[in-house]
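Results of the structural survey
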Amino acid sequence: MTNLDDTKSSAFNFAEGEVLLVDKPLNWTSFDVVGKLRNSMKPLKIKVGHAGTLDPLATGLLILCTGKFTKKIESFQAEDKEYTGTITIGASTPSYDLETSVDHTFDYSNITEDDLYKATERFIGEISQFPPAHSAIKINGERIYEKARRGEEVELKARNVKVNAFEIERIELPNVHFRIECSKGTYIRSIAHDFGKELGIGAHLSSLRRTKSGKLNVQDAWNLDELVQAIKAQKETN
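Residues numbered from 1 in each chain as written. Predicted model: local features only at pLDDT ≥ 70, side-chain atom pairs only at ≥ 80, totals over all residues. Heavy atoms only, no water.

**Let's talk about helix H1 (residues 30–41)**
For H1, built from twelve residues, the straight-helix expectation of 16 Å at 1.5 Å per residue is met to within 8% by its first-to-last C-alpha distance of 17 Å. The set of residues buried in H1 consists of Ser30, Val33, Val34, Leu37, Ser40 and Met41. Viewed along the axis of H1, the buried residues span an arc of 125 degrees, placing them on a single side of the element. The elements touched by buried residues of H1 are strand E1 (18–24), strand E2 (48–50), strand E3 (58–66) and helix H6 (224–237). (Helix = DSSP H or I, 4+ residues; strand = E, 2+ residues; numbered from the N terminus. Expected span 1.5 Å × (residues − 1). Buried < 20%, exposed > 50% of the residue type's maximum accessible area, 1.4 Å probe, protein only. Arc of directions from axis to C-beta. Contact = heavy atoms within 4.5 Å.)

Spelled out as structure tokens, the structure:
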């Protein structure tokens, strides 16, 4: 059974329970990663689940639990998260990220570095935000991004989340590189969109990487292909 202090052990016992940290590749869904691992474990039929969705355009820490450890998923989901990424100002998109094309552009020539730093202060602490229409929230059993992709109106409700830190790490306009620590359920895309509104212009999330979840760090995560190879190697020796 995996020791949580040794999440990159190559001696797997999937039925009893494993916590696997994976550095999710770009353009993979979280369910793609789960499916890849399930396939690598065949012919064993092992429960596999992830503890918190990452969007396809995001990379970084994805926690997967197998076997009896799938009962731990909710506790991992409840942990605070850390992200790094890039907000691009002066342009907005319907999805608040690069999943959809830019729909409006804005002149940002008068925006100063001081304006950017001051705008981050609006998002520290308890905040209310609307999820993006292109998100995995379900309404009447259907994920709302499916409705949004069909061009249907989606009625969204605001939710309260907590942002413990919102730091600008580097400014290369129109790109603003950041680090955010936040509670579960926080949409970084919504923060990027609202950051633009706070500046009086548009903005969208142009890159995102989850670096931490609770005490778990992406630095300790498996490359997905290496993990699959380690699983196959163990099957061949058993």
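**Focus on unusual backbone geometry**
Geometrically, the link from lysine 42 to proline 43 is a cis peptide bond, its omega value of 10 degrees lying close to zero. When you line up the elements, proline 43 lands in the loop between H1 and E2. Of note, the amide linkage connecting leucine 173 to proline 174 takes the cis form, showing an omega dihedral of 15 degrees. Look at asparagine 27: it is not a glycine, yet its phi comes out positive at around 75 degrees. Its location among the elements puts asparagine 27 in the loop between E1 and H1. Look at asparagine 27 and you get exposed, because its relative accessible area is 53%. The residue tyrosine 96 is not glycine, and still its phi comes out positive at about 70 degrees. Inspection of the secondary structure assignment puts tyrosine 96 in the loop between strand E5 (91–92) and strand E6 (104–105).

**Re the nonpolar core**
In terms of nonpolar packing, the biggest core is built from 28 residues, with Ile87, Ile89, Leu116, Phe166, Ile188 and Phe195 touching the most fellow members. At the level of secondary structure, the elements contributing two or more residues to this core comprise strand E4 (81–89), helix H3 (113–121), strand E10 (159–172), strand E11 (175–182), helix H5 (188–199) and strand E12 (203–213). Leave out the neighbours within four places in its chain, and isoleucine 87 touches Phe166, Pro174, Asn175, Val176, Phe178, Ala192, Phe195, Ala203, His204, Leu205 and Ser206. One finds Val33, Val48, Leu64 and Val228 within the second-largest nonpolar core, a separate group that totals 18 residues. (Core = buried A, V, L, I, M, F, W, Y, C linked by side-chain atoms within 4.5 Å.)

**Here's the deal with a nonpolar patch on the surface**
There is a patch of nonpolar side chains on the surface, built from Leu26, Leu57 and Leu98 and spanning about 260 Å² of accessible area. Along the chain, leucine 26 falls in the loop between E1 and H1. For leucine 26, a relative accessible area of 49% corresponds to the partly exposed category. (Patch = residues over 30% accessible without salt bridge, like charges linked within 9 Å, V, L, I, M, F, W, Y side chains within 5 Å. Areas by Shrake-Rupley, 256 points an atom, 1.4 Å probe, with all protein chains shown as cover. Salt bridge = Lys/Arg side-chain N within 4 Å of Asp/Glu carboxyl O.)

**Looking at the confidence of the model for the protein chain**
Averaged over every residue, the pLDDT of the protein chain is 90; the share at 70 or more is 86%. In the model, residues 1–5 has pLDDT below 50 throughout and makes 13 contacts with residues more than four positions away in sequence or in other chains. (pLDDT = per-residue confidence, 0-100.)

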